[in-house]
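So the chains spell out like this:
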Amino acid sequence: MSTYLRLMACCAMGTALLSGSWAQTDAKTAPPAKSTQITASETATFQMSPIDTANFFPAIDNTYRFVPKQPKNPVQLPELSGIKNKLPVGQQQDFKRIGEGTKFPGIAATGWYPPDCDHAVGPNHIVQVVNSSIAIYQRNGTQDLQQTMSTFYSGMGAGTFLFDPKVIYDRVKQRFVVVCLEQANSPTTSKLLIAVSDDSNPNGTWYRYRVESKLTVSGVEYWLDYPGFGYNKDAWVITGNMFGFSSGFAGVYFVIIPSATPSTGGAMTIKYLRDSTGASAQVAEMISASADRIYAISREGATSMRLYALQSLTAATPTVTFASVTVPSNASPTVDAASTNGRTLDSLDGRLFNVYWRAGRLVTAHNVDNSGAVGSKWYEIATNNYPSASAATLQTGLLGSSHSHMPAVASNLNGDIGVVYTLSSTSITANISGAGRYSSDSPGAISIGYGFYGSIGDNYALGRWGDYFGLETDPNDDITFWATAMRVDAANNWTTEIFSFTVTPPINYLALSKSKIRSGDSFKLTCFLTNYSYKNNMPVYLTSSNPAVVPVPSSFAMPYIQYRAGAGLIANRVEKTTPVTITARFGESSKSITFNVQP
């Protein structure tokens, strides 16, 4: 349950400046940034407590339990204004890129709010977490398990207030890893509850750990809130804002967990580091089997991000190095997002919500002020092997329709970018929306919004919205995006949805195998996609303006690793020349071709 934190006091340091319209990304032209480094000061070891999901009865417990406690915002930190710049920001364009995939309901209202929904996708299963429950699904939507976090972490001495869950699927270790926060004021308690599946199937044995996350500085105790969670081949990293139990703020905590031993149920040895001037850092999921560091990032203020590089993750003294990266000027939202019936949705501030990294590029997103409304900005940043060289912003784009807020962003194998967010206004309660950009689209451009789900109820009275959604790519093809997000149900409570989509390339053109089509001819229609191979099996849907003359199949497959495919057609006999139009649709992109069938 996050706090409302306006970033942020920071150290003065060098920045990676943009050159021309967009950043230079060649590390040879970008000298190492002036950085600040932090080394580990504390180490602790924690033992495992196993649990088997087969022992839960009933397996699916979706009982509604009202939870009145909700941490309030302990402090509002001032936000640095920075020197405004005029670096370019892309906009949503009037093109379509979303191809809808599998959709099924996630966890419905549990009695907590907001849901803080997240998920992780494995080879055959999806694990979803909310405040304050966990569920396991097969990829077709069949639910195998649902339990409260209190039940899932029972027998470990944990209290009842368990919140802000996150989950990852570690592709290198082939494990699901769940983290949940525990907090109490009397006695002062701050714990990380961590669970690790024993293999890629989340049904069965989990290794659980209850880890200390309370910080004491000069006799003042602080608790961890609003976690970031990511990994690389060597470690899992959890971050959090450190708030005083009575008052005060102590910066951002980094909890570094070498993953080899706890992946098999061994003791969990942890290194703790802290940036006393940072806040709300999000950690990248780094799916590479070779990346030797983990990146994290936070918003420093109006014109810069703070990029962290965590290195030597399995050594006795891991380090965190950070420096500023210049971004186009932005401001935190000044209003809550509008909704129906005079309601508003509290969508937090300008903090970053998630971060995804692959092949030297990092994507992230947050809420911004958009001319008095709430908008969402997304960023792609070249990490350039930082701290060996300076990182630099590649492109930035704005989602500006009505109130666009709570964005989650990810990139796939092709370099396509997908975003999932909430769309609301005085006439839209809270839609689950999405947008995408194909890797060859112009810098900063992203598609017009796509509506995955609309809300059923129109009178959401809880106010708090979010505090984050989940978005990642499918480990089986590394192309398909999977998301979890919330909307309003018929009872005007929250509910969550799990769904997949692709960012589909536009259709370039359609071609016929014959220049003249006569009665009784067999011929082929071929659909050509744009620019390069699309690595997924996706249907191309067909319609005919005159199916009595030229019938068409409802669809044909665009084969794996191809950019063109087609269908064989036959023209029926006609008495006179008859025009026919065939339309092909791939994702949201469509093209038509018109020809005559001659007698």
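It should be emphasised that the depicted structure is a prediction, and the values quoted were computed from it without experimental measurement. (Residues numbered from 1 in each chain as written. Predicted model: local features only at pLDDT ≥ 70, side-chain atom pairs only at ≥ 80, totals over all residues. Heavy atoms only, no water.)

## A word on the overall build of the protein
- Secondary structure summary: the protein contains 1 helix and 45 strands in total.
- Relative to the globule expectation of 25 Å for 599 residues, the C-alpha radius of gyration of the protein, 25 Å, shows essentially globular dimensions.
- If you line up the protein on its principal axes, its C-alpha atoms span 95 × 60 × 50 Å.
- Residue burial in the protein is summarised as follows: out of 599 residues, 61% are buried.
- Across the protein, every contact between residues at least 6 apart in sequence was considered, and the portion connecting residues at least 24 apart equals 64%.
- Averaging the positions of the 44 positive and the 41 negative side-chain charges in the protein gives two centres separated by 7 Å. (Helix = DSSP H or I, 4+ residues; strand = E, 2+ residues; numbered from the N terminus. Rg over C-alpha atoms; globule rule 2.2 N^0.38 Å. Buried < 20%, exposed > 50% of the residue type's maximum accessible area, 1.4 Å probe, protein only. Contact = heavy atoms within 4.5 Å. Lys, Arg positive; Asp, Glu negative; His and termini not counted. Charge placed at Lys NZ, Arg CZ, Asp CG, Glu CD.)

## Description of the sheet that holds strand S32 (residues 417-424)
- In space, the 4 strands of this open sheet follow the order S31-S32-S33-S34, with antiparallel pairing throughout. Where the open sheet ends on each side, the last strands, each with one partner, are strand S31 (403-411) and strand S34 (450-453). With strand direction ignored, the average angle separating the axes of adjacent strands in the sheet is 30°.
- Relative to strand S33 (residues 431-437), S32 is paired through 7 bridges, and the arrangement is antiparallel. Residue pairing across strands places Gly-418 opposite Gly-436, the latter belonging to S33. (Pairing = 2+ DSSP bridges. Axes fitted to C-alpha atoms, helices over the stretch in contact; angles between N-to-C directions.)

## Points about the pairing of strand S37 (residues 494-503)
- Among the 10 residues of S37, 10 are classified as buried, and the element is accordingly described as predominantly covered.
- With burial as the criterion, each face of S37 is covered, one bearing Trp-494, Thr-496, Ile-498, Ser-500 and Thr-502 and the other bearing Thr-495, Glu-497, Phe-499, Phe-501 and Val-503.
- Bridge analysis of strand S36 (residues 481-488) against S37 gives 8 bridges, and the strand direction is antiparallel. Within the sheet, the bridge partner assigned to Ala-485 lies in S37 and is Glu-497.
- Between S36 and S37, which pair antiparallel and follow one another directly, the connecting turn spans 5 residues, one of which, Asn-492, has a positive phi of 60°.

## Section: the sheet that holds S36
- If you walk across this open sheet you meet the 4 strands as S6-S37-S36-S35, and the pairing is antiparallel. Each end of this open sheet is capped by a strand with a single partner; those strands are strand S6 (98-108) and strand S35 (470-473). Taking each pair of neighbouring strands and ignoring which way they run, the sheet shows an average axis angle of 25°.

## Some details on the confidence of the model for the protein
- Looking at the protein as a whole, its pLDDT mean stands at 90, while 90% of the residues score no less than 70.
- Contacts for the low-pLDDT stretch residues 1-29, under 50 throughout, to residues beyond four places or in other chains number 119 contacts. (pLDDT = per-residue confidence, 0-100.)

## Here we look at the pattern of salt bridges
- What the rule picks out here adds up to 17 salt bridges.
- Its salt-bridge partner being Asp-61, residue Arg-65 comes within 3.0 Å of it at the nearest N-O pair.
- Salt-bridge contacts for Asp-275 lead to Arg-306; the nearest nitrogen and oxygen are separated by 2.6 Å. With Asp-275 in strand S19 (residues 268-275) and Arg-306 in strand S23 (residues 304-311), this residue pair connects regions lying 31 residues apart in the sequence.
- With a relative accessible area of 3%, Asp-275 lands in the buried category.
- A cluster of three or more residues bridged by salt bridges with shared partners is formed by Arg-171, Arg-358 and Asp-478. (Salt bridge = Lys/Arg side-chain N within 4 Å of Asp/Glu carboxyl O.)

## Some thoughts on the packing of aromatic side chains
- Under the defined criterion, the tally for this structure stands at 24 aromatic pairs.
- Residues Phe-152 and Tyr-153 carry aromatic rings whose centres are separated by 5.2 Å and whose planes lie at 80° to one another, so their mutual orientation is edge-to-face. Summarising the burial analysis for this pair, Phe-152 and Tyr-153 share the class buried.
- These aromatic residues form a ring-pair network of at least three members: Trp-112, Phe-161, Phe-163, Trp-223, Phe-243 and Phe-249.
- The ring of Phe-95 carries Arg-97 above its face, with NZ or CZ at 4.0 Å from the centroid.
- One residue, Lys-166, lies across the ring of Tyr-468, its end atom 4.5 Å from the ring centre. (Phe/Tyr/Trp six-rings, centres within 6.5 Å; stacked < 30°, edge-to-face > 60°. Lys NZ or Arg CZ within 6 Å of the ring centre and 35° of its normal.)

## Quick word on the nonpolar core
- Core analysis: the largest hydrophobic core is formed by 89 residues, its most contacted members being Ile-194 and Phe-501.
- Counting residues in hydrophobic clusters, the runner-up holds 35 residues, among them Ala-235, Ala-296, Leu-307 and Val-355. (Core = buried A, V, L, I, M, F, W, Y, C linked by side-chain atoms within 4.5 Å.)

## Things to note about empty space enclosed by the protein
- Under the defined criterion, the tally for this structure stands at 2 cavities of 30 Å³ or more.
- Considering only enclosed or pocket space, the largest cavity measures out at about 200 Å³ in volume.
- Tallying contributions element by element places strand S27 (residues 352-358) first for the lining of the largest cavity, with 4 residues.
- Looking at the lining of the largest cavity residue by residue, the classes come out as 10 nonpolar, 4 polar and 4 charged.
- Estimates place the volume of the second largest cavity at around 30 Å³. (1 Å grid on protein atoms, 1.4 Å probe; cavity = no way out; pocket = protein on both sides within 12 Å on 5 of 7 lines; lining within 4 Å. Points joined across faces, edges and corners; volume = space filled by probe spheres on them. Nonpolar A, V, L, I, M, F, W, Y, C, P; charged D, E, K, R; others polar.)

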